[in-house]
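Below are the chains, spelled out letter by letter.
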Amino acid sequence: EDDQPTPKDLPLPADAAELEYDDFFESIEFNCASDVKTVVEFLSKELEQREWKKAATEFDLATFVRMKFTKQKSTLDIDVRAEDSGCQVAIRTKGMQWDGMKAEIEKLKEQIQNIE
């Protein structure tokens, strides 16, 4: 299982804000100032470059897109939902390597707070 991707291997848009990693539910959430289409295109391109395969696009609307990606034994369910100020992204993961993420999450939170 150690060869599975980790949450920190996932691409994040440059304007990702309010980033939350939840190692209990194995999910990642963040907001972006960009619109749904821009974020979906970014995530699709970046994930495919990292050898994730798009398994499905279940919804493809102007205000909501749901995509599924797979890599080895891992899966990502990604929801991108339009908000007044851009969009909200929720990534639910299965089979990824979340061990050791607690320390990583704390480090990331500190870095983000130092930037703000």
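Up top is the structure.
The structure reproduced in this document is the subject of the present report.

**Focus: the overall build of the protein chain**
Point 1. On a plain count of helices and strands, the protein chain comes out with two helices and six strands.
Point 2. Over its C-alpha atoms the protein chain spans a radius of gyration of 14 Å, differing by no more than 12% from the 13 Å that the globule rule assigns to 116 residues.
Point 3. Principal axes of the C-alpha set define a box for the protein chain whose edges measure 35 × 35 × 25 Å.
Point 4. Looking at the 116 residues of the protein chain, the share that counts as buried comes to 38%.
Point 5. When contacts within the protein chain are restricted to residue pairs at least 6 apart in sequence, those whose partners lie at least 24 apart make up 49%.
Point 6. Element-wise, carbon and sulfur atoms account for 48% of the exposed surface of the protein chain, whose accessible area totals about 7100 Å².
Point 7. Treating the 16 positive side-chain charges of the protein chain as one cloud and the 27 negative ones as another, the clouds have centres 5 Å apart.

**Regarding the pairing of strand β4 (residues 64-71)**
Point 1. Pairing analysis gives six bridges linking strand β3 (residues 53-60) to β4, with the strands arranged antiparallel. In the sheet register, Lys54 faces β4, and the bridge partner there is Phe69.
Point 2. What sits between β3 and β4 in their antiparallel hairpin is a turn of three residues.

**Things to note about the sheet that holds strand β1 (residues 17-22)**
Point 1. Taken together, the six strands give an open sheet; going across it, the order is β1-β2-β6-β5-β4-β3, and neighbouring strands pair in antiparallel fashion. Two strands in the sheet have a free side with no partner beyond their single neighbour: β1 and β3. Mean inter-strand twist for the sheet, computed between neighbouring axes without regard to direction, equals 15°.
Point 2. Note that β4 and strand β5 (residues 74-83) share eight bridges and pair antiparallel. Following the sheet pairing, Val65 is matched in β5 by Val80.
Point 3. Sitting on the sheet, helix α1 (residues 36-49) is in contact with β2 (27-32), β3, β4, β5 and β6 (86-94), with an inclination near 160° to β5.

**Side note on the state of the cysteines**
Joining two cysteines, a disulfide is a covalent bond between their sulfur atoms.
Point 1. Taken as a whole and assessed by the stated rule, the structure comprises zero disulfides.
Point 2. With no disulfide of its own, Cys32 has Cys87 as its nearest cysteine by sulfur position, at a separation of 4.8 Å.

Reading the values: the criteria
- Residues numbered from 1 in each chain as written.
- Predicted model: local features only at pLDDT ≥ 70, side-chain atom pairs only at ≥ 80, totals over all residues.
- Heavy atoms only, no water.
- Helix = DSSP H or I, 4+ residues; strand = E, 2+ residues; numbered from the N terminus.
- Rg over C-alpha atoms; globule rule 2.2 N^0.38 Å.
- Buried < 20%, exposed > 50% of the residue type's maximum accessible area, 1.4 Å probe, protein only.
- Contact = heavy atoms within 4.5 Å.
- Areas by Shrake-Rupley, 256 points an atom, 1.4 Å probe, with all protein chains shown as cover.
- Lys, Arg positive; Asp, Glu negative; His and termini not counted.
- Charge placed at Lys NZ, Arg CZ, Asp CG, Glu CD.
- Pairing = 2+ DSSP bridges.
- Axes fitted to C-alpha atoms, helices over the stretch in contact; angles between N-to-C directions.
- Disulfide = S-S within 2.5 Å.

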